[in-house]
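Listed below, chain by chain, are the residues.
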Amino acid sequence: MRHEIRVYRDDREIQNYPALNDLVMTRTALSRMVDLETFVDGSKVTTYHADGLIIATPTGSTAYSLSAAGPILLPDLEALVVTPICPHSLNQRPLVLPQHTEIEVRVQLAAGADSATLTIDGQEWLPMSNGDRVVARRSPHSVRIVSSPFRNRFEILHTKLHWGDR
């Protein structure tokens, strides 16, 4: 599955992106946190007070999200994971959501912070201003990924993550 990402400023769409792995919203100013007010299907979930937030597909769950202590989602699981990056509070944990969920994140910059940054799949980036909104939903355009018939996904994870090694 892929994301369809839309960015709004003053209720006007300013950009849209397809994403295979993840979208990452981070603070720009050093030693400043960003508040990311997060909604799922129109209902407020929480405001993440953190260095940033990752929204990942199953494919992206073994990348930056995993480094930020997010869970591993198997490729055929139709779900999304929302992972805070270094949250200020220990009670803000990763969240796994159904694939049909629409996630909206509103940027609230701390005093003295002039911007935040949105990065798509580590390739595209966009400076974000106070009040900007990012909406992520499942894209209607899926991707087929070739996998080896000789190694299953757990053998790949054993190799990649050194599971069981001492």
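Residues numbered from 1 in each chain as written. Predicted model: local features only at pLDDT ≥ 70, side-chain atom pairs only at ≥ 80, totals over all residues. Heavy atoms only, no water.

Engineer: Report on the environment of Thr-28, specifying residues and quantitative values.
Structural biologist: If you trace the backbone, Thr-28 turns up in the loop between β3 (22-27) and β4 (34-40). Thr-28 gets classed as partly exposed once you look at its relative accessible area, which sits at 37%. A sequence separation of 23 residues divides Thr-28 from Ile-5, and the C-alpha atoms of the two residues are 20 Å apart. Among all residues touching Thr-28, those that are not within four sequence positions of it are Ser-115, Ala-116 and Thr-117. (Helix = DSSP H or I, 4+ residues; strand = E, 2+ residues; numbered from the N terminus. Buried < 20%, exposed > 50% of the residue type's maximum accessible area, 1.4 Å probe, protein only. Contact = heavy atoms within 4.5 Å.)

Engineer: Lay out the sheet that holds strand β7 (residues 79-85) in plain terms, naming residues and giving numbers.
Structural biologist: With respect to topology, 6 strands assemble into an open sheet ordered β8-β7-β6-β3-β10-β11, the strand pairing being antiparallel. Each edge of the open sheet is held by one strand with a lone partner, namely β8 (95-98) and β11 (124-128). When the angles between neighbouring strand axes are averaged without regard to direction, this sheet yields 15°. (Pairing = 2+ DSSP bridges. Axes fitted to C-alpha atoms, helices over the stretch in contact; angles between N-to-C directions.)

Engineer: Got a sec to walk through the environment of Ser-89? Specific residues and values, please.
Structural biologist: Among the structural elements, Ser-89 can be located in the loop between β7 and β8. Its relative accessible area of 27% is what places Ser-89 among the partly exposed residues. In sequence terms Ser-89 and Ile-72 are 17 residues apart; their C-alpha atoms lie 22 Å from each other.

Engineer: Before we move on, can you summarise the nonpolar core with the specific residues and values?
Structural biologist: Residues Leu-23, Met-25, Leu-118 and Met-128 are the most contacted members of the largest nonpolar core, which totals 27 residues. Non-local contacts of Met-25, meaning those with residues more than four positions away in its chain, are made with Leu-36, Asp-51, Gly-52, Leu-53, Val-105, Val-107, Thr-117, Leu-118, Met-128 and Val-134. Val-24, Leu-73, Ala-79 and Ile-85 belong to the second-largest nonpolar core, a separate cluster that totals 7 residues. (Core = buried A, V, L, I, M, F, W, Y, C linked by side-chain atoms within 4.5 Å.)

Engineer: Tell me what's going on with the side chain of Ser-139, and back it up with residues and numbers.
Structural biologist: When you line up the elements, Ser-139 lands in the loop between β12 (133-138) and α2 (153-161). The exposure class assigned to Ser-139 is buried, which follows from its relative accessible area of 8%. In this structure, Ser-139 is in contact with Arg-2, His-3 and Glu-4, ignoring residues within four places of it in sequence.

Purely geometric numbers; function is a separate question.
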